[in-house]
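Listed below are the residues making up each chain.
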Amino acid sequence: RDVAVTGVQTCALPICCLALVARSAMATRDGRHALARIAQGIDRLQDDVVLRAEACDGRWGLTVRPRSAALPPAPNFLHEYLLRVGWRLLVWLMGGRPRPRGFDFMHPAPPYAALVAPIFPGELRYGQPASAVWFEPAALDAPLRRDEAALQVFLRQALSHLMLPHAQAGGSAGQIGRAHV
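Residues numbered from 1 in each chain as written. Predicted model: local features only at pLDDT ≥ 70, side-chain atom pairs only at ≥ 80, totals over all residues. Heavy atoms only, no water.

1. Points about the overall build of the protein
And step 1. For the protein, the helix and strand inventory stands at seven helices and five strands.
And step 2. For the protein, the sequential pattern of α-helices and β-strands runs α-α-β-β-α-β-α-β-β-α-α-α.
And step 3. Out of the 181 residues in the protein, the part that is buried amounts to 45%.
And step 4. Excluding contacts between residues fewer than 6 apart, the proportion of contacts in the protein whose partners are at least 24 apart in sequence is 62%.
And step 5. As presented, the protein carries roughly 9,100 Å² of accessible surface, and 55% of it is formed by carbon and sulfur atoms. (Helix = DSSP H or I, 4+ residues; strand = E, 2+ residues; numbered from the N terminus. Buried < 20%, exposed > 50% of the residue type's maximum accessible area, 1.4 Å probe, protein only. Contact = heavy atoms within 4.5 Å. Areas by Shrake-Rupley, 256 points an atom, 1.4 Å probe, with all protein chains shown as cover.)

2. Digging into the environment of A22
And step 1. Position of A22 among the secondary structure elements: in helix α1 (residues 15–26).
And step 2. Between the alpha carbons of A22 and G86 there is a distance of 9.7 Å; along the sequence they are 64 residues apart.
And step 3. Residues contacting A22, with those up to four places away along its chain left out, are L89 and L151.

3. Quick look at the packing of α1 against helix α2 (residues 31–43)
And step 1. Where α1 contacts α2, the axes come no closer than 8 Å and their chain directions differ by 150°. When the axes of α1 and α2 are compared, the pair comes out roughly antiparallel. For α1 against α2, the interelement crossing comes out right-handed. Contacts between α1 and α2 involve V21, S24 and A25 from the first element and A34, R37, I38, G41 and I42 from the second.
And step 2. The residue makeup of the contact of α1 with α2, split by class, is five nonpolar, two polar and one charged. (Axes fitted to C-alpha atoms, helices over the stretch in contact; angles between N-to-C directions. Parallel < 35°, antiparallel > 145°, perpendicular 65-115°, else oblique. Left-handed = near helix turned anticlockwise from the far one by under 90°. Nonpolar A, V, L, I, M, F, W, Y, C, P; charged D, E, K, R; others polar.)

4. With respect to the packing of α2 against helix α3 (residues 76–93)
And step 1. Between α2 and α3, the least distance of the axes is 10 Å, while the angle of their chain directions is 145°. Where α2 crosses over α3, the two elements pack in a sense that is right-handed. On the side of α2, the interface is formed by G31, A34, L35, I38 and I42, while α3 contributes L82, V85, G86, L89, L90 and L93.
And step 2. In the contact of α2 with α3, the residues fall into nine nonpolar, two polar and no charged.

5. Digging into the nonpolar core
And step 1. Ranked by internal contacts, the top residues of the largest apolar core, which has 44 residues, are L89 and L93.
And step 2. Discounting chain neighbours no more than four positions away, the residues touching L93 are A25, M26, A34, I38, L144, R145 and R146. (Core = buried A, V, L, I, M, F, W, Y, C linked by side-chain atoms within 4.5 Å.)

6. Some points on the pattern of salt bridges
And step 1. Tallied over the entire structure, the rule returns seven salt bridges.
And step 2. One salt bridge in this structure joins R65 and E54, with 3.1 Å as the shortest N-O distance. Of the two residues, R65 is situated in strand β2 (residues 59–66) and E54 in strand β1 (residues 49–56); the sequence distance between them amounts to 11 residues.
And step 3. Put simply, D104 and R125 hold a salt bridge, and the shortest N to O gap is 2.8 Å. A residue pair is termed long-range when its members are at least 10 positions apart, and D104 in strand β3 (residues 102–105) and R125 in strand β4 (residues 123–126) qualify at 21 residues.
And step 4. Relative accessible area serves as the criterion here: at 5%, D104 is assigned to the buried category.
And step 5. Put simply, D43, R52 and R67 are held in one network by salt bridges that share partners. (Salt bridge = Lys/Arg side-chain N within 4 Å of Asp/Glu carboxyl O.)

7. Observations concerning the sheet that holds β4
In a beta sheet, neighbouring strands are held together by backbone hydrogen bonds and run either parallel or antiparallel to one another.
And step 1. Taken together, the five strands give an open sheet; going across it, the order is β1-β2-β5-β3-β4, and neighbouring strands pair in mixed fashion. Of all strands in the sheet, those with a lone pairing partner are β1 and β4, marking the two edges. Going across the sheet, the axis of each strand differs from the next one's by a mean of 15°, ignoring polarity.
And step 2. Strands β1, β2 and β5 (131–135) of the sheet are contacted by α2, whose axis makes an angle of about 160° with β1. (Pairing = 2+ DSSP bridges.)

8. Notes on the packing of aromatic side chains
And step 1. Considering all chains together, one arrives at seven aromatic pairs under this definition.
And step 2. Considering the side-chain rings of F103 and F120, the 5.0 Å spacing of their centres and the 70° angle between planes classify their relative orientation as edge-to-face. Of this pair, F103 sits in strand β3 while F120 is found in the loop between α4 (113–116) and β4, placing the two residues 17 residues apart along the sequence. Comparing F103 with F120 shows no difference in burial state: the two are buried.
And step 3. The rings of W87, F103, F105, F120 and Y126 are connected pair by pair, giving a single aromatic cluster.
And step 4. Seen from the ring of W60, R32 lies directly overhead, with NZ or CZ sitting 5.4 Å from the centre. (Phe/Tyr/Trp six-rings, centres within 6.5 Å; stacked < 30°, edge-to-face > 60°. Lys NZ or Arg CZ within 6 Å of the ring centre and 35° of its normal.)

Structural data, given as C-alpha cells:
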C-alpha cells in the first residue's frame, strides 16, 4: 500500500516509507537515538533538503537545511511538513512526550504565521540558519513506548497523527483536531 500521508505531490511521504522510518526508530533505546534514526530515514527520501538530529544551545533537535546552496530554496511547506512529521512521529514513539521547546524556520515570517502558531506549539523563530524543532535533551533520554501492533494503528491514522493539530491545542486548531481525529 503506497498511499501518501498528504496529497501534496512535491513532498508526499508514502506510508510505506513512514513505516520504514518508524520501524528503524523503534529499534533504538530512547528518544535521542530515535530522533537520529527519524532524521536519517527521512533524509534519505529527500532530494532538496538535508535532515539531521543535532545539538545547539543546550537543546537537541531535528534540523532541515538545503542540500546545496546552488538549489533554489525549498518551499516553506516542505520545511514545515518535514519538521511536523519528524516531531509528531518522535512524540508518538515516546508515548506523547516530549513537548517541543521551539521551532525555527529558515524562511521569513509568512503572511499565514498566525495560522501556523497553533500547529507548532512552542516559540516560533523565523529567518534562522536552519529550520528545526527543539527539545530539552533530558526529555529525550526516556525509553520508547510503542510496539508493532501500535505502529499498525498509527499508520492507519497517519494523517490525523501527523498533520492535524493536537487535540489538546487551544482555539480553533484544537477544535479542528478533535473534529477530524
